[in-house]
Amino acid sequence: MLKRGSGILNIAMQQLVRYPHFWAILRVAVLSVILLCSTGAYASNVVVGVFAYQGERAAISDWSPVIAHLNTALPEYRFRAEHFFDAEGMRKAIAEGRVDLVITNPGYYVTMEAEFGISRIATLVSSHIGTAKQAIGSVVIARADSDLRDLSGLAGKSVAAVAPDAFGGYLIAARELLRLGVVPDKDLAETRFVGLPMAKVIDAVKRGEVDAGIIRTCLLEQMAEQGSPDVAALRVLSPRKVEGFPCALSTALYPDWPIAVTRQTDPAIAKAVARALLEMPETKDGPSWTVPADYQPVHDLYRELHAGPYAYLRDITPQGLALRFWPWLLGLTLLLVAWVVHTIRVEYLVQRRTTELHDSLRARQAAETKMRESQEQMEHLSRLSVLGELSGSLAHEINQPLTTIGTYARTVLRLQSNGALTPDAVTEACTEIADEAERAGGIVQRIRHFSRKRAAARDKVDLAAIAEEARRLIVGMMAWTPDVHIDDRTQGSALVLADGPQIQQVLLNLIKNAIDASRDLAPERQHIQVVIEPADKRMLVRVIDSGGGLDDDQFAHLFEPFFTTKPDGLGLGLPICKTIIEAHGGRLWAERNSGGAGMCFSFSLPSHEHSS
Ligand code: ADP
């Protein structure tokens, strides 16, 4: 088999070599292979994703001139179109990086620009329109025999459209309706989305299935050109005229389709394609390209309709916001709850502390009341004790006027029985009796007044008068007293705001202690002086004696309760005096007389004008 095959090949080779054009054909074949290798076979592939909304055939016919131009202008690349029949397919291809260039309508472009960052490098100039800026709009049609004439009349009517995301086939007209106050979702009786091809919308209108239909601009004209007889049976609602725009129109116009590059596209390809497209010659029927148009009006449309990249604006309802911002809301709620709990806790603590404070205040008030009561009791006891100490001499004092009264009475009786009673003798006896009775009554009156149990008070009192009263009381009660001299150096205004009887008690105590301390001295050396004088804003009272005084140890314990050097003493007089004076905002202290024997007990009280 092999031998026979080799023989046939040899014969064929000999025939070919003998053939005159063999070498020329071989040369051409080799050159072609080299050329193919350097261009097509080794050229990098560039995939152009094309939105084929009218089907594959229409897309090929529309875009093959562009693909062919690119392949010719940029032989180092091999451009190939890939058709997508909906936005979803195109979106997936971009996401997976399967396309380098994208040709799509302005609506999808703006959506994918926001979603994938595709960016336009040129905008189409359709041959029949001639401008890129104002190229696409919507036409709203109704049957010529219907009453509808403009877009505002569509409220409550049924409308057919291509799809909710169709740009010319729905969105442009929807924005126009919205601007006229007709909210498509709410105010139209029905929006029927019939899908592509767009001719289905026209059919639905013609058949009377819907009151009106939305189609892109220039479709009617294309159909009329292709000889469709029924176009005349349709009416364009709210027709507009835009200079230079050759088709019927119901809305504003938007820029034409862009060609865009994706984020993955090699910048060198983007640059080369842009340049090649701008240089693409204008032909009578074919498309051409210009610099990228401004697609802001398309953004505005989506924003107004809360669609495409602005669909999130639809969610700005309480529920939508809650769904979007739930972590923030949760945080805020937690903060609020924490704040409420904190406030309640603080309120509770404040209330508890206030109650505690009230309780302790009440307890303090009760303790103070009890202390005041026991102090009053003590003062009373102290007064009674002074009286007890004086009671011996007191009995003697009262006995004296009584004896005198008795003597005078008996004298009168004796004179009467002798018949020697003269009117003068009766007058003298009665006068003496009355005087003595008055003296005894005065003593009793002062004792009763002094020993009476009473609550503390604050009155404007004269210290000199109080000292004089104390002197009279003590002199009246004792059998013998040394000279007690009141030296008022205030010029008659020794006024203080005080409890008079309490101050009197203090003076009585101090004078009596001074008398006790002087007891061992010869009567002519016993001398007690009570000096009252103003000192700064105070009144100063000094009780000075020339008695035995105290040694250092005794002096140190002077104001301690129950300290006494007297056999019948209680040792409460000075502590009580100190308490009384301090309760009046004053001070009580003792000093040894500098010049010689004896003590000086002083107390100061705020003068009347400076008492608080
Ligand atoms: P009592 O008079 O019952 O002893 P006081 O508290 O009045 O209680 O006095 C306490 C002591 O202070 C007295 O026992 C006395 O020793 C001493 N004392 C008070 N006043 C004088 C004074 N003027 N001179 C010397 N000693 C005094």
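Quick note: structure is the one above.
Rules used in this analysis
- Residues numbered from 1 in each chain as written.
- Predicted model: local features only at pLDDT ≥ 70, side-chain atom pairs only at ≥ 80, totals over all residues.
- Heavy atoms only, no water.
- Core = buried A, V, L, I, M, F, W, Y, C linked by side-chain atoms within 4.5 Å.
- Buried < 20%, exposed > 50% of the residue type's maximum accessible area, 1.4 Å probe, protein only.
- Contact = heavy atoms within 4.5 Å.
- Axes fitted to C-alpha atoms, helices over the stretch in contact; angles between N-to-C directions.
- Helix = DSSP H or I, 4+ residues; strand = E, 2+ residues; numbered from the N terminus.
- Parallel < 35°, antiparallel > 145°, perpendicular 65-115°, else oblique.
- Left-handed = near helix turned anticlockwise from the far one by under 90°.
- Nonpolar A, V, L, I, M, F, W, Y, C, P; charged D, E, K, R; others polar.
- Near = heavy atom within 4 Å.
- Polar contact = N/O pair within 3.5 Å; in protein donor to acceptor, adjacent residues only side chain to side chain.
- Areas by Shrake-Rupley, 256 points an atom, 1.4 Å probe, with all protein chains shown as cover.
- Salt bridge = Lys/Arg side-chain N within 4 Å of Asp/Glu carboxyl O.
- Pairing = 2+ DSSP bridges.

## Considerations on the nonpolar core
With 102 residues, the main nonpolar core has Phe79, Leu154, Val273 and Trp289 as its most contacted residues. Not counting the four nearest positions on each side in its chain, Val273 is found in contact with Leu70, Leu74, Phe79, Leu101, Ile121 and Ile259. Judged by nonpolar contacts, the second largest core, of 45 residues, contains Ala467, Met478, Ile515 and Ile581.

## Quick notes on the packing of helix 3 (residues 56–73) against helix 10 (residues 267–278)
Orientation of helix 3 relative to helix 10, taken along the N-to-C sense of each, is 115°, at an axis distance of 10 Å. Here helix 10 runs roughly perpendicular to helix 3, going by the angle between their axes. Taken as a pair, helix 3 and helix 10 cross one another with a handedness that is right-handed. Taken together, the residues of helix 10 that come into contact with helix 3 (itself represented by Val66, His69, Leu70 and Ala73) are Val273, Ala276 and Leu277. A breakdown of the residues in the contact of helix 3 with helix 10 according to their chemical character gives six nonpolar, one polar and no charged.

## Overview of the site of the ligand
The environment of the ligand is formed by 20 residues, the closest being Asn513, Thr564, Thr565, Lys566 and Leu574. In the environment of the ligand, an oxygen atom lies 2.6 Å from a nitrogen or oxygen atom belonging to the side chain of Thr564. Separating an oxygen atom of the ligand from a backbone N or O atom of Leu570 is a distance of 2.9 Å. Protein contacts shield 95% of the accessible area of the ligand, which totals 530 Å² for the unbound molecule. Those elements giving two or more residues to the shell around the ligand turn out to be helix 16 (500–518), helix 18 (573–583) and strand 18 (599–606). In terms of residue class, the shell around the ligand is built from eleven nonpolar, seven polar and two charged.

## A few points about the pattern of salt bridges
Per the stated rule, a full pass over the model turns up 27 salt bridges. Arg303 is paired through a salt bridge with Asp300; the nearest N and O atoms lie 3.2 Å apart. With Arg303 and Asp300 both in helix 11 (residues 296–305), this residue pair falls three residues apart, about one helical turn. Overall, the relative accessible area of 36% leaves Arg303 in the partly exposed class.

## Some thoughts on the sheet that holds strand 3 (residues 101–103)
Read from one edge of the open sheet, six strands run 2-1-3-10-4-11, paired in mixed fashion. Two strands close off the open sheet at either side, each with one partner strand: strand 2 (77–84) and strand 11 (288–290). Put simply, the sheet's adjacent strands are angled 30° from each other on average, direction ignored. Here three bridges tie strand 1 (residues 44–51) to strand 3, and the two strands are oriented parallel to one another. Counted as the bridge partner of Val50 is Ile103 from strand 3.

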